Amino acid sequence: MKKYLLFLSLVISTAMLAQNNPESDTSWKHIYRAEATKINDLVDTKLDVKFDYSKSYMYGKEWLTVHPHFYPTDSLTLDAKGMNINEVALYSNGKKTPLKYDYDSMFLRITLNKTYKANENYTVYIDYVSKPDEWKERGSAAITGAKGLYFINPRGEEKDKPTEIWTQGETEHNSVWMPTIDKPNQKTTEQISMTVPDKYVTLSNGLLITQKKNADDTRTDTWKMDLPHSPYLFFMGVGEYSIIKDSYKGKDVAYYVEKQYAPVARGIFGHTPEMIKFYSETLGIDFPWPKYDQIVGRDYVSGAMENTTATLHADNAYQNARQLKDGNDWEDVIAHELFHQWFGDLVTTESWSNITVNESFADFSETIWNEHEYGQDKGDEKNYDDMQTYLNSNSDNLPLVRFHYADKEDVFDAVSYPKGGRILNMLRHYLGNDAFYASLHKYLTDNKFKNGEAQQLRLAFEAVTGQDLNWYWNEWYYGTGEPVLDISYVYDDAAHNVKVIVQQKQKQQIFKMPVNIDIYNGANKTRHQVWMQNPVDTFTFGYTTKPDLINFDADKVLLCRKTDHKTADNFKAQWKYAPLYVDRREALQYFADNKMVDDLSLGLNDKYYGIRSFTLDELRDIPEALTNTDILKTIERIAQNDEHNRTKSRAIAILAETKDAKYKYIFDKSINDSSYTVAGAALEGLGNLDSANAYTLAKKYSADAKGDLADAVNEIMIAHGSEDDYDMIAKAYDELPLGQSKIQSTMSFCDYLSKLNDIQKIKEGVDKIVAFRNSIPQQYRKFTDAPINAALQKVADAKGADMQAYINNSK
Ligand SMILES: [Zn+2]
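Residues numbered from 1 in each chain as written. Predicted model: local features only at pLDDT ≥ 70, side-chain atom pairs only at ≥ 80, totals over all residues. Heavy atoms only, no water.

**Some remarks on the nonpolar core**
(1) Moving on: Grouped together as the largest cluster of nonpolar side chains are 152 residues, with contacts concentrated most on F51, W342, Y477, M532 and F552.
(2) Moving on: A per-element tally of this core places helix α8 (residues 415-431) first, with 7 residues.
(3) Moving on: If sequence neighbours within four positions are ignored, F552 has contacts with L485, I487, Y489, V502, V515, N516, I517, M532, L558 and D564. (Core = buried A, V, L, I, M, F, W, Y, C linked by side-chain atoms within 4.5 Å. Buried < 20%, exposed > 50% of the residue type's maximum accessible area, 1.4 Å probe, protein only. Helix = DSSP H or I, 4+ residues; strand = E, 2+ residues; numbered from the N terminus. Contact = heavy atoms within 4.5 Å.)

**Points about the packing of aromatic side chains**
Two measures describe an aromatic ring pair: the distance that separates the ring centres and the angle between the ring planes.
(1) Moving on: With the rule as written, the count across this model stands at 46 aromatic pairs.
(2) Moving on: Their ring planes at 50 degrees and their centres at 4.8 Å tell us that Y608 and Y609 sit as a pair that is tilted.
(3) Moving on: By the ring-pair criterion, three or more aromatic residues cluster together here, those being F364, Y430, F436, Y437, F461, W471, Y472, W473, W476, Y477, F511 and W531.
(4) Moving on: Above the face of the W471 ring, K512 is positioned so that its terminal group lies 5.0 Å from the ring centre. (Phe/Tyr/Trp six-rings, centres within 6.5 Å; stacked < 30°, edge-to-face > 60°. Lys NZ or Arg CZ within 6 Å of the ring centre and 35° of its normal.)

**A look at the pattern of salt bridges**
In a structure, side chains of opposite charge can pair up when their charged atoms sit close to one another.
(1) Moving on: All chains considered together, the criterion is met by 51 salt bridges.
(2) Moving on: R584 is the partner of D606 in a salt bridge, and the nearest nitrogen-oxygen pair spans 2.7 Å. In this pair, D606 is assigned in the loop between α14 (597-601) and α15 (609-620) and R584 in helix α13 (residues 581-593), connecting sequence segments 22 residues apart. One exposure class covers both D606 and R584, and it is buried.
(3) Moving on: Its salt-bridge partner being K768, residue D734 comes within 2.7 Å of it at the nearest N-O pair. Remark: K768 occurs in helix α24 (residues 759-775) and D734 occurs in helix α22 (residues 726-735); sequence separation between them is 34 residues.
(4) Moving on: Look at D734 and you get partly exposed, because its relative accessible area is 41%.
(5) Moving on: A network of salt bridges, in which partner residues are shared, links D332, D363, E366, K382, D386 and R422. (Salt bridge = Lys/Arg side-chain N within 4 Å of Asp/Glu carboxyl O.)

**Section: the packing of helix α20 (residues 691-701) against helix α21 (residues 707-720)**
(1) Moving on: In contact at an axis separation of 9 Å, α20 and α21 are set at 130 degrees when each is read in the N-to-C sense. Between α20 and α21, the angle falls in the class oblique. The handedness of the crossing between α20 and α21 is left-handed. Taken together, the residues of α21 that come into contact with α20 (itself represented by S691, A694, Y695, A698, K699 and Y701) are L709, V713, I716, M717 and H720.
(2) Moving on: In the contact of α20 with α21, the residues fall into 8 nonpolar, 2 polar and 1 charged. (Axes fitted to C-alpha atoms, helices over the stretch in contact; angles between N-to-C directions. Parallel < 35°, antiparallel > 145°, perpendicular 65-115°, else oblique. Left-handed = near helix turned anticlockwise from the far one by under 90°. Nonpolar A, V, L, I, M, F, W, Y, C, P; charged D, E, K, R; others polar.)

**Quick word on the side chain of K131**
(1) Moving on: For K131, the position within the fold is in the loop between β8 (122-130) and β9 (149-152).
(2) Moving on: Accessibility expressed as a relative area gives 14% for K131, which makes it buried.
(3) Moving on: Ignoring anything within four residues of it in the chain, the contact list for K131 reads S56, Y57, G82, M83 and N84.

**Description of α15**
(1) Moving on: Over its 12 residues, α15 runs 16 Å from end to end, which matches the ideal 16 Å to within 8%, given 1.5 Å per residue.
(2) Moving on: Where burial is concerned, most of α15 is hidden: 9 out of the 12 residues are buried.
(3) Moving on: Those residues of α15 lying buried are G610, I611, R612, S613, F614, T615, L616, E618 and L619.
(4) Moving on: Contacts made by the buried residues of α15 are with α7 (376-391), α13, α14, α16 (629-641) and α17 (645-658). (Expected span 1.5 Å × (residues − 1).)

Here it is in structure tokens:
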């Protein structure tokens, strides 16, 4: 699963604050979260379901084939949440024999007709009604719902929203719509027959084997998955979709999108076959399932979910052709869910405590896809960014393998994802690509269609490499935190040597890790591998000429926080000679922090657009840099010619800030650019030069504005807009996607409302803001309520007591 990206930073800080709150209930710390005991094993699940859109109910018939795991048993307990159970019977040779059962709306406890022995199959038949909207259970930071089965706009009451059905199983939510043993350590083959209105298409796991038209304008589609997978990976999707077909080695690869996105579906998902090939070849295990479909669901409760052969994406995946000009924002998610088809679906975590064997791999897969497709700089940037996400998450107290948690949903966090991904990346560097992927191949082969935990992973690595790796697992999988390093250098020209002193200052364990140190004299470098393993390690290297740079962690893979006591000259040498993205970025960061503008501006000519963008962002914050003619000339060139739109638009935005009319020709040309970010920056520039005209321009470009262009339009409309523009501005506000940027826009929207006279419009605007505030999942609201309420208060302050009362009443 991929988290709800827009709230990622909030997700993480929220989870951590909850952990650190001394008043919260900490009794969970004493509960060991073991793998679920297997009394019975699922073998096959056959479902026949029909949807009632008027009540948001699902009528189900299920044939569940099961056998005792080892010990004989005469009972079967199933997870079945909030259902009506109509009938439970033993099903044998087409005959049903009623069985005794007990149901408490969580568990269906069935008494069998006799004691069954290990591997003696039996089939129970259950007739039931699933009532997802009546089931109340908390979701998580990652998944904001626990209904399992979601009816979207089922009665067509919401204008402009399609009617859809989709399901979300992880963690244990599919048992809201099918009685099952809802644990990840169960695996079952599957067949689902869905009866739906004929105008809809359906999607589920495996292959569509039959479609039958019924007399009542409905159709029954039967999907069959004959390879076993876990119940949380079961999926159903229903709606009016266009199906865009690709293929990989004769297997269908398809994208289910709403009709208007059919022309861009390949722009969004079209890398999928190439990704399947890359991951298949990298792992040495060809894509293990009969087909691969991806579907987009409205109002989805997470980012995306790796249902076996039927990945579900949030509607943030939808981007139009102009948005795609700025790069595909959803590509990492597509890669992530695809890699889960091996890590998560083929080999599944045995319990939520070991979610790392699913999520850390999916996270890591984003790095290697970027590296493969766009080059090492891009892969390194991804790795660096994800490392910062973890380091900023304040999660030093949580181990990767998590046997203690308050709620199973809590494990979907910055430790399981970006920290775990970096732990795998370090291991890849330490062992080498060949050994690393051979080990993954062994893990997947040994455990396919079964479950895994971190120890099985270790054993696979040990078997392949011949090395004991307990130390690595103990530190990174079972220990907490990361090295907090202080690195200093003592040069002794008389003795011709340098001491590199590495202190580990973290409160947790001392880490043992191999580190590469490159010693540079000009472009010539010598590599040394050392092991840090003590609270203080001193490494001594001889030299004839004093080195220009000692580059600690030369591969820039070590997950750590560091204070590196390099000099300005060291960083200049690093910029010039050290090859990696992070080498260059660290040097530029030093130049920026120390206002070394000339050195910083060298980054404008870097071969990689990510470094050029970073440099532009840093220069923008240094006023004196933007009075430097040479630097401005370079920025002017980037604003016209950079091959990458996001870099180009940053340059244009800087020129816009100068309010210098000589750049008008760039703004005039760029305002019609197909890229929203380029056009948005140009609109800002034009607006700054001619504020009277800005309003007319903004209105003109508002017809097709998203992303940066929409922001620029809104900013101008809100600043200059009149009472008459209310409908357009309110619509723009409504259409902003849920997320942090909408909180920013709420401030501007309140400024605009404060200027209006029409009380009805102001109240309507306030209602929209209150609805947005209240739609934010409860767990974030302690962070989001304050800024939104402060913005509302500005409206009250501007409009007086009546408005104050109105806002006070808006709970
Ligand atoms: Zn995932």
